Amino acid sequence: MSARGSQRAPRVLVVDDEADLRELLELTLLKMGLDVDSAATLAQARGLLAAPEHDYQLVLTDMRLPDGLGLELVREVSAAYKNTPIAVVTAFGSADNAVIALKAGAFDYISKPVALDQLRVMVQSALRLNAEPPAGEAPDAAQAASRLKGESAVIQALRAQIERLARSMAPIAINGESGSGKELAAREIHALSSRAGKPFIAVNCGAIPEALMEAEFFGYRKGAFTGAADERDGFFQAANGGTLMLDEVADLPLAMQVKLLRAIQERRVRKIGATAEEPVDVRIISATHKNLAQCVEQGSFRQDLFYRLNVIELSLPPLRERLDDLAVLTGAILERLGTFEHKVRLGEGVLDALRGYSFPGNVRELENILERALAFANDGVIEVADLALKGARMVEAVVPLPMPAALPPAVNEAAAPGLAPAPMPSPTPADPALAAGTAAATGTAGSPAAVVAAAAGLPPLPHLDALPSSLPDYLNQIERDIILRALAQTQFNRTQAAHLLGISFRQLRYQMQKLNIQEPEA
């Protein structure tokens, strides 16, 4: 069957063994102005796909066929005809088959009995994937700069993966640490998809009070409850035709998870106070910094919703794993922070200092650090001192604190045997000559700090001749030794010791409690 027109219409292949359903699909597509070919078996479909004169813009197949499964056709089309989207028709209630098909590469799915309005929306979305832009108009998504800045191998691979995922309508679960750019990745997927011209709605699931969740997601009718003076759409209706991002989805309460699961499966929502459901066409992208699989095991997240959302998984790398992108990222942030008259730039050594930091808050923390540093900078030049990095990992060996040549007797009394830290299993060279050479080279054998440490009954600060077996224990021991030195120097005056260490009295008290440092009895 063929649609008539002066211009060549897009061609669709329908594969279904039920003659009535196949005819219904054909008539619906023909009324949309499309050319339609039909097949009742896998063999017929393969023959039509192989014909050189046929260039299909969409393949629509049933999941069960007389000579095999539609899933086989999904895999074949996804592998051999990458620019041809394929959608599946699933039996009512067989959500698992839809998830399997989406994982295999299907563009989208529709459930029986087929709702013609949903079919038309799905077909239009598929045709937009390969549609040519209007004459004289550049394709925004293809030519616009990526929101994910960087040129490292890991970020380039991420952008390539996002470009592939954007062609599908399958739900995507984005995993990554806080501040790693999960919403930016979701917006990138939306911008590269056929839904780019439709709304993108981002929702923080952890910021909505539980009592208001249903009204916020699905909307309500006028008079549905006290205070509902007007009818209001929810997030699903606001995102209709576009993308709905569920940020921090792991924070959803279980009662809301059940309602969300039905809305995603049935693609229909019911407003509070309404008697009928209304169809919605929304692509779901979820994001969380938690391990959803672990939440399922703990019983705080429904397993069926997990499989519904986690059809395709996208993992974002933390900033510490792509430090090569620091120059690009800082440049983009400083360009935004500066003005046309007042440009912002980095001083000497600033990038090296940033590379020595672990960035537990990722790109969001980098932005915060630069914005804070700009407030302290002179003439728009950020220096290392303006960064005020706290807890930066040290690249060089730990340098002993400068100590006076002699201590008063009270200090020796303060450093009681019960107070001295436990000997640390620091790595030592097997060769005594090598150990002596190392001490001579570093200048620690007879340094004032070493003499004072010995006089005070404290071990000298360790040097990294080899890697420690337990980094947390190793760092705790170093911190304990430094605090004990400061306390011994101030005769256990904690206020003065905190001043020496550049921390507050409350911070020192907390660290003493954590490291079990106790003041000696008088």
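All figures in this text were calculated on a predicted structure; none of them were measured in a lab.

What counts as what
- Residues numbered from 1 in each chain as written.
- Predicted model: local features only at pLDDT ≥ 70, side-chain atom pairs only at ≥ 80, totals over all residues.
- Heavy atoms only, no water.
- Helix = DSSP H or I, 4+ residues; strand = E, 2+ residues; numbered from the N terminus.
- Buried < 20%, exposed > 50% of the residue type's maximum accessible area, 1.4 Å probe, protein only.
- Contact = heavy atoms within 4.5 Å.
- Pairing = 2+ DSSP bridges.
- Axes fitted to C-alpha atoms, helices over the stretch in contact; angles between N-to-C directions.
- 1 Å grid on protein atoms, 1.4 Å probe; cavity = no way out; pocket = protein on both sides within 12 Å on 5 of 7 lines; lining within 4 Å.
- Points joined across faces, edges and corners; volume = space filled by probe spheres on them.
- Nonpolar A, V, L, I, M, F, W, Y, C, P; charged D, E, K, R; others polar.
- Salt bridge = Lys/Arg side-chain N within 4 Å of Asp/Glu carboxyl O.

A. Region of the structure containing the environment of Leu116. Take Leu116: it is sitting in helix H5 (residues 116–129). Take Leu116: its relative accessible area is 27%, and that puts it in the partly exposed class. Spatially, the C-alpha atom of Leu116 lies 9.2 Å from that of Leu24, the residues being 92 residues apart in sequence. Setting aside chain neighbours within four positions, we find Leu116 in contact with Leu24 and Thr28.

B. Examining the sheet that holds strand E3 (residues 56–62) more closely. Taken together, 5 strands build an open sheet; the order of strands is E2-E1-E3-E6-E7 and the sheet is parallel. Sheet topology places strand E2 (35–39) and strand E7 (108–111) at the edges, where each strand pairs with a single neighbour. Pairs of neighbouring strands in the sheet enclose a mean axial angle of 20°, with direction left out of account. Looking at chain direction, E3 and strand E6 (residues 86–90) are connected through 4 bridges and run parallel. Following the sheet pairing, Leu60 is matched in E6 by Ala87. Here helix H2 (residues 42–50) sits on the sheet in contact with strand E1 (11–15), E2 and E3, set at roughly 140° to E2.

C. Quick peek at empty space enclosed by the protein. One pass over the structure, following the stated rule, counts 2 cavities of 30 Å³ or more. Reported here for the largest cavity is a volume of approximately 150 Å³. Together, 14 residues line the largest cavity, and Ile264, Arg267, Val282, Arg283 and Ile284 are the ones closest to its centre. Counting only elements with at least two residues in the lining of the largest cavity, the list comes to E7, helix H11 (254–266) and strand E13 (283–288). Considering only residue class, the lining of the largest cavity consists of 9 nonpolar, no polar and 5 charged.

D. How the structure looks around unusual backbone geometry. With an omega of -5°, the peptide bond between Lys112 and Pro113 qualifies as cis. Phi at Phe492 takes a positive value of approximately 65°, unusual for a residue other than glycine. For Phe492, the position within the fold is in the loop between helix H21 (471–489) and helix H22 (494–501). Overall, Phe492 belongs to the buried group, its relative accessible area being 8%.

E. Examining the side chain of Gln257 more closely. Among the structural elements, Gln257 can be located in helix H11. When residues no more than four places from it in sequence are discounted, the contact partners of Gln257 are Leu252, Ser300, Phe301, Arg302 and Leu305.

F. Local environment of the pattern of salt bridges. The final tally for this structure, using the stated rule, is 23 salt bridges. A salt bridge links Glu231 to Arg221, with the shortest nitrogen-to-oxygen separation between them at 3.6 Å. Residue Glu231 is located in the loop between helix H9 (213–218) and helix H10 (235–238), and its partner Arg221 is located in the loop between H9 and H10; the two are separated by 10 residues in the primary sequence. Classification of Arg221 by relative accessible area gives partly exposed; the value is 37%. Between Lys271 and Glu231 there is a salt bridge, with its nearest N and O atoms 2.8 Å apart. Of this pair, Lys271 sits in the loop between strand E11 (268–269) and strand E12 (278–279) while Glu231 sits in the loop between H9 and H10, and the two are 40 residues apart along the sequence. Each of the salt bridges in this network shares a partner with another, and the network as a whole consists of Arg221, Glu231, Asp233 and Lys271.

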